[in-house]
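Secondary and tertiary structure notes
Below, each chain spelled out in residue letters.
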Amino acid sequence: MQKNRYKYIIIGGGLSGLTSAFQFKLSNETNVKVLEARNVLGGRVHTKSGIDLGATWLHHDHTSIFSLLEHLKLEKYRQFDSGESFYTAYSGAPVQTFHADPKEVPSYRIKGGTHALIKALAEQLMDWIELETVVEKIIDEGDCLIVKTNKGEFKSEQVIVTVPPRLGSTIKFQPNLPNNVLEAMQTTHTWFSHAIKVGLTFDAPFWRNQGKSGMVIGAAGELTELYDHSNEEGTVFSLMGFAHENLRDTNPEEQKKKIVDYIAQFLGEEVLDYQEFFIQDWSKEQFITGEIGIHPQRNTAYGNPVFQKSYLNGKLHFSGTETSRVQGGYLEGAVHRGLSLAQELRSTESKSEDGAAGKAH
């Protein structure tokens, strides 16, 4: 086999890309390379000190990811929501309290944090992964695609682009992709690109001891959402939520003060005794949102039909949660698209081999 030539190259080491690679491995395909621009895997999955500062929750109908967790022997557990919760409808509105309905369908979290899933996949695939490899151009050379990167050229029979479509539109293609595809790439909102996530750790879950859930929901204020984010084992006690975007241009110390003071209005002065404070603004992540920035129109109608087709003579494919027709914009969408595309490509390859064998007879 020619050096740096592969059957499949996957661009992006987030959940969708790793899921496709894992599916290839399960089907006994080993000639695969994953190219990741950052020095870490996971894309919009990021867990720090037990706090999921990226994608977090699973829902009852997320069957693909539940199956994947089971295969990897990972566990899920129910999001804590017991106790008094708070809601403010608008600035200046009186604070309302409520209790979550125990009969409602719960949300779930992954034991060990969402990054436990990335870690489990990566452990199966490390020999295939190339970090800090930025894809700059993809060229159709007839029998293969040339993938030009900051670390040289790679060749592949099939390429799967899993980065957010808006970021993918910064890759140069030769020949150019159809105009409708480029337009779809440039106008598809990048899931999580607008999110500013916040996390605080504590030495004890003081809010639970007061009969509070840790949940604060509001249309106005420094946070739009806040939740209990303690782990199931009872060894990490934390709160996690989403900061209002009007804090984006505030300096870090002022951000922290405003957020902590806001939480204290609902959960009490004990919040001032936090151990660690984290804030993650996904709009500033170069290889998630990039210089192309946040699209002004947040149309999250993911799964555009153009992303279900192949290009460059059937050798280029798109994946990632934004391309998924099932649960696009969720972890489930990333996993479903990653699995189904890999299965589809292997099935097509198998049919082609069967056809060739038939002609030989």
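Look a little higher up for the structure.
Anyway, here's the lowdown on the structure attached to this text. (Residues numbered from 1 in each chain as written. Predicted model: local features only at pLDDT ≥ 70, side-chain atom pairs only at ≥ 80, totals over all residues. Heavy atoms only, no water.)

1. Here's the deal with the overall build of the protein
Note the cut-off: Secondary structure elements are taken from DSSP: a helix is a run of H or I of four residues or more, a strand is a run of E of two residues or more, and numbering for both begins at the N terminus. Our radius of gyration looks at C-alpha atoms and nothing else; its globule reference is 2.2 Å times the residue count to the power 0.38. Residue burial is assigned from relative accessible area. The probe radius is 1.4 Å, only protein chains are included, and a residue is buried under 20% of its type maximum, exposed over 50%, and partly exposed in between. By definition in these notes, contact holds between two residues if any of their heavy atoms fall within 4.5 Å. Each accessible area is a Shrake-Rupley result for a 1.4 Å probe, and residues are judged covered by the shown protein chains and nothing else. Think of it this way: Lys and Arg go in the positive column, Asp and Glu in the negative one, and His and the chain ends go nowhere. Think of each charge as sitting on NZ of Lys, CZ of Arg, CG of Asp or CD of Glu.
Along its length, the protein carries eight helices and 19 strands. On C-alpha atoms alone, the protein measures out to a radius of gyration of 22 Å, which is about the 21 Å that the 2.2 N^0.38 rule sets for 361 residues. Considered along the principal axes of its C-alpha atoms, the protein spans approximately 75 × 40 × 30 Å. For the protein, buried positions account for 53% of its 361 residues. Long-range pairs, those at least 24 residues apart, make up 72% of the contacts in the protein between residues at least 6 apart in sequence. Taken as a whole, the protein presents about 16600 Å² of accessible surface, with 47% of it coming from carbon and sulfur. Across the protein, the centroid of the 37 positively charged side chains sits 6 Å from that of the 45 negatively charged ones.

2. Concerning helix H1 (residues 15-26)
Rules: Multiply 1.5 Å by the residue count of a helix minus one, and that product is the helix's expected span.
The terminal C-alpha atoms of H1 lie 16 Å apart, and with twelve residues this matches the ideal 16 Å at 1.5 Å per residue to within 8%. Burial analysis of H1 places ten of its twelve residues in the buried class, which makes it a mostly covered element. The complete set of buried residues in H1 reads Leu15, Ser16, Gly17, Leu18, Thr19, Ser20, Ala21, Phe22, Gln23 and Phe24. Immediately downstream of H1, the backbone of Asn28 shows phi near 70°, a positive value.

3. Here's the deal with the packing of H1 against helix H2 (residues 63-71)
Short version of the rule: Helix axes are fitted only over the stretch in contact, all axes being lines through C-alpha atoms; the angle between N-to-C directions runs from 0 to 180 degrees. Roughly parallel here means an angle under 35 degrees, roughly antiparallel means over 145, roughly perpendicular means 65 to 115, and every remaining angle is called oblique. Crossings are sorted by hand: turned counterclockwise from the far helix by less than a right angle, the near helix makes the crossing left-handed, and turned clockwise it makes it right-handed. Residues are grouped as follows: Ala, Val, Leu, Ile, Met, Phe, Trp, Tyr, Cys and Pro are nonpolar; Asp, Glu, Lys and Arg are charged; all remaining types, including Gly, are polar.
Where H1 meets H2, the axes come as close as 13 Å, and the angle between the chain directions of the two elements is 60°. The pairing of H1 with H2 is recorded here as oblique in orientation. In this structure, the crossing between H1 and H2 has a hand that is left-handed. Counted together, Leu15, Thr19, Phe22 and Leu26 of H1 and Ile65, Leu68 and His71 of H2 form the full contact between these two elements. Taken together, the residues of the contact of H1 with H2 sort by class into five nonpolar, two polar and no charged.

4. Here's the deal with the side chain of Asp140
Condition: Under the rule applied, a polar contact is a pair of N or O atoms within 3.5 Å (in protein, one hydrogen donor and one hydrogen acceptor; residues adjacent in sequence only if both atoms are side-chain atoms).
With respect to the element layout, Asp140 can be found in strand E10 (residues 135-140). By relative accessible area, Asp140 is classed as buried at 18%. Of the polar contacts made by the side chain of Asp140, one reaches the backbone nitrogen of Gly142; its length is 2.9 Å. When near neighbours in sequence (up to four residues on either side) are disregarded, Asp140 contacts Leu145, Gln174, Pro175, Leu312, Asn313 and Lys315.

5. Points about the nonpolar core
This is how the line gets drawn: To form a nonpolar core, buried Ala, Val, Leu, Ile, Met, Phe, Trp, Tyr and Cys residues must be joined to one another through side-chain atoms within 4.5 Å.
Core analysis: the biggest nonpolar cluster contains 50 residues, and Leu15, Phe24, Ile65, Leu117 and Leu121 have the highest contact counts within it. Of all elements in the fold, only strand E1 (5-11), H1, strand E2 (32-35), H2, helix H3 (115-125), strand E17 (237-243) and helix H8 (331-360) reach the threshold of two or more residues within this core. Membership of the second largest hydrophobic core comes to 25 residues, among which are Ile11, Leu35, Val306 and Leu316.

6. With respect to the side chain of Thr56
Along the chain, the position of Thr56 falls in the loop between strand E4 (51-52) and H2. A polar side-chain atom of Thr56 sits 3.0 Å from the main-chain carbonyl oxygen of Gly54. In this structure the side chain of Thr56 is engaged in a polar contact, spanning 2.8 Å, whose partner is the side chain of Lys197. Aside from chain neighbours lying at most four places away, what touches Thr56 is Tyr108, Arg109, Thr114, Lys197, His229, Met240 and Leu331.

7. Quick notes on the pairing of strand E14 (residues 196-202)
Basically, it comes down to this: DSSP bridges decide pairing: two strands pair if at least two such bridges lie between them.
Across the seven residues that make up E14, a large majority, seven, are buried. Of the two faces of E14, both are covered, the one formed by Ile196, Val198, Leu200 and Phe202 as well as the one formed by Lys197, Gly199 and Thr201. As paired strands, E14 and strand E18 (residues 276-281) are joined by six bridges and run antiparallel to one another. Pairing of Lys197 across the sheet is with Gln280, part of E18.

8. What to know about the sheet that holds strand E15 (residues 212-218)
Whenever strands of a sheet pair, they do so through backbone hydrogen bonds, lying parallel or antiparallel. If you trace the seven strands from one edge of the open sheet to the other, you get E7-E6-E15-E16-E17-E14-E18, paired in mixed fashion. For this open sheet the edge positions go to strand E7 (96-99) and E18, each flanked by a neighbour on one side alone. Direction aside, the axes of adjacent strands within the sheet are offset by 20° on average. Pairing analysis gives five bridges linking strand E16 (residues 223-228) to E17, with the strands arranged antiparallel. Considered in E17, the bridge of Asp228 is made with Leu239.

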